[in-house]
Amino acid sequence: MSDANTNQCNNEQCNNDQVLDFATRAIHEAQGPDPTTGALITPIFQTSTFVLEELGKNKGYQYARTHNPTRTALEDCLASLENAKYGVACASGLAAVSVVAGILKAGDHVIVGEDVYGGVYRLFERVFSRYDIRFTYVNTRNIDEVEAAITPATRLVWLETPTNPLLRLADLKAVGDLAKAHNLIYVVDNTFATPYFQRPLEFGANVIVHSTTKYLSGHSDIIGGAVITSDEELYEQIKFTQNATGAVPGPFDCYLALRGLKTLALRMREHERNAIAVAQFLEQHGQVQEVYYPGLTSHPQHDLAKRQMSGFGGMVSFVVKGGLEGARALVNNTRLFQLAESLGGVKSLLCHPSSMTHAPIPRDVQEHCGITEGLIRLSVGIEGASDLIADLEQGLDKAAKAPGSIKAEPKAVALVGAR
Ligand SMILES: *Cc1c(COP(=O)(O)O)cnc(C)c1O
């Protein structure tokens, strides 16, 4: 797996004589000592504006909505990790989605994966559709469905792989070839896999979007996002849109994201190791009906995962027997796996998609998409694997006793909607 993570860095700031490893770039890229003080770690430039040396002459920074040195370090490091030229750090993952969609105009048509993040769906349907931009949702596992949705007005194709919560894959290269043939802008939300395990630009994507809230910062302590591309024209449009609309991240959040990136390689290896152990445990457990994890040989797209990913990530979903009551008994009784939305941090989380992340979707549509009431999504953290497995085991024991034997009034599972 490691050789897939040693690819050439196109960023000009990389040392051209030697190809640095992914883990090295995560720590060093754009993060040399501060030239004014020698500070080892990139400082938090907590300032709104920058003083001109004289009229018409600045030091590369003018006003912090446009640029901030802490943010520049994060942007250049992120670009390097995706083997790209340009990065734009944003105030949240959805701010990143917004600035990309902001380059579209009235009349444009977009093809979108039918199981994209709920907040992306809401943004497209409830905000951008009001500006006469049209969206068609397709099953991106099926390349023919993607192709059939192309119209003369189509400008962009947008997908996630693996998807949330069922860990379904799109063939990155097949969509890349299609996008190229039809001159479409091809955007991949790479939040779940991270560039450590998957680099979509190498398969023809033009733009990468991230919620840095998740694995990239990795500690569940910030909200952030990023857009990454090697296309200068797209970069200029996206950068312009961000500066014009204003959703930028503060320097402290950029600092925390940079701090998280330094251990990304380490964390992702550990997330994956634990996820494999958990998935294998679940697969043989009598109370579990089905397990979704691209690293299992039983996953219908395991071969595709091996072709386009160098690892399978830390997200595992499964169906517990006993429907809603089984799921309720499990999620109310785990001790290490905390019941919360979001993912990608060092602490393990679990969620019940049908009543939490995917609650706004009508029940029959949920069932149609495979989001049953027994479905549980795990964000497997980096605690000790045996502790995580023991936690799930005792939770599943409770689930086994749940149907028909409810002693106490069960706690209500909050219907909180797409975050
Ligand atoms: C969380 C998430 C987003 C939205 O990011 P925020 O940082 O919450 O705005 C977008 N896409 C995916 C795949 C996500 O998991």
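Refer to the preceding data block for the structure.
Residues numbered from 1 in each chain as written. Predicted model: local features only at pLDDT ≥ 70, side-chain atom pairs only at ≥ 80, totals over all residues. Heavy atoms only, no water.

A.B. asks: Hey, could you run me through the overall build of the chain in this one?
C.D. replies: What the chain contains, in helices and strands, is 14 helices and 12 strands. Taking 419 residues into account, the globule formula puts the C-alpha radius of gyration at 22 Å, and the chain, at 22 Å, falls close to it. Considering only C-alpha atoms, the chain reaches an extent of 80 × 50 × 40 Å along its principal axes. Out of the 419 residues in the chain, the part that is buried amounts to 53%. In the chain, 71% of the contacts between residues at least 6 apart in sequence involve partners at least 24 apart. Here the chain has roughly 18300 Å² of accessible surface; of this, 53% comes from carbon and sulfur atoms. Computed over 37 positive and 46 negative side-chain charges, the separation of the two mean positions in the chain equals 5 Å. (Helix = DSSP H or I, 4+ residues; strand = E, 2+ residues; numbered from the N terminus. Rg over C-alpha atoms; globule rule 2.2 N^0.38 Å. Buried < 20%, exposed > 50% of the residue type's maximum accessible area, 1.4 Å probe, protein only. Contact = heavy atoms within 4.5 Å. Areas by Shrake-Rupley, 256 points an atom, 1.4 Å probe, with all protein chains shown as cover. Lys, Arg positive; Asp, Glu negative; His and termini not counted. Charge placed at Lys NZ, Arg CZ, Asp CG, Glu CD.)

A.B. asks: Just checking my understanding: could you explain unusual backbone geometry for this structure?
C.D. replies: Excluding glycine, residues mostly carry a negative phi; peptide bonds, for their part, are mostly trans. A cis amide bond links T161 to the next residue, P162, at an omega of -5°. For P162, the location among the structural elements is in the loop between strand 4 (154-160) and helix 6 (172-181). Note the cis peptide between N164 and P165, where omega equals 0°. Assignment of secondary structure puts P165 in the loop between strand 4 and helix 6. A positive phi is found at L167, a non-glycine position, where the angle reads about 55°. What makes L167 buried here is its relative accessible area of 3%. Phi is positive for T194, close to 65°, though the residue is something other than glycine. With respect to the helices, strands and loops of the structure, T194 is situated in helix 7 (residues 194-197). According to the relative accessible area criterion, T194 is buried, its value standing at 0%.

A.B. asks: So what exactly am I meant to see when it comes to the pairing of strand 7 (residues 225-229) here?
C.D. replies: Sheet faces and side chains relate simply in a regular strand, where the side chains alternate between the two faces. The element strand 7 is largely enclosed, with a buried count of 5 among its 5 residues. Every second residue of strand 7 is oriented toward a common face, with G225, V227 and T229 on one face and A226 and I228 on the other, all of them buried.

A.B. asks: I keep staring at the nonpolar core and nothing clicks. Help me out?
C.D. replies: It is characteristic of soluble globular proteins that their nonpolar side chains tend to be buried jointly. Formed by 47 residues in total, the largest nonpolar core has its most connected members in L74, V157, Y186, L261 and L264. With 6 residues, the top contributor of residues to this core is helix 9 (residues 251-261). A domain split of this core shows at least three residues from each of domain 1 (6-261) and domain 2 (267-400). Once residues within four sequence positions are removed from consideration, V157 is found in contact with I111, V146, V175, A179, L184, I185, Y186 and V187. Counting residues in hydrophobic clusters, the runner-up holds 32 residues, among them A305, M309, V331 and L378. (Core = buried A, V, L, I, M, F, W, Y, C linked by side-chain atoms within 4.5 Å. Domains from an automatic or database assignment.)

A.B. asks: Explain helix 12 (residues 323-331) to me, please; I cannot follow it from the model alone.
C.D. replies: Given 3.6 residues to a turn, an α-helix orients residues that are three or four positions apart in the same direction. Among the residues making up helix 12, those that are buried are G326, A327, R328, A329, L330 and V331. On its buried face, helix 12 is in contact with strand 9 (315-320), strand 10 (338-339), strand 11 (349-351), strand 12 (375-379) and helix 14 (385-401).

A.B. asks: Got a minute to help me understand the site of the ligand in this structure?
C.D. replies: Residues in contact with the ligand, as listed here, are S92, G93, L94, Y117, E160, D189, T191, F192, S211, T213, K214 and G224. Measuring from a nitrogen atom of the ligand, one finds a side-chain N or O atom of D189 at 2.7 Å. A distance of 2.7 Å separates an oxygen atom of the ligand from a polar side-chain atom of T213. Protein chains shield 94% of the accessible area of the ligand, which is 380 Å² for the free molecule. Partitioning the shell around the ligand into residue classes produces 3 nonpolar, 6 polar and 3 charged. (Near = heavy atom within 4 Å. Polar contact = N/O pair within 3.5 Å; in protein donor to acceptor, adjacent residues only side chain to side chain. Nonpolar A, V, L, I, M, F, W, Y, C, P; charged D, E, K, R; others polar.)

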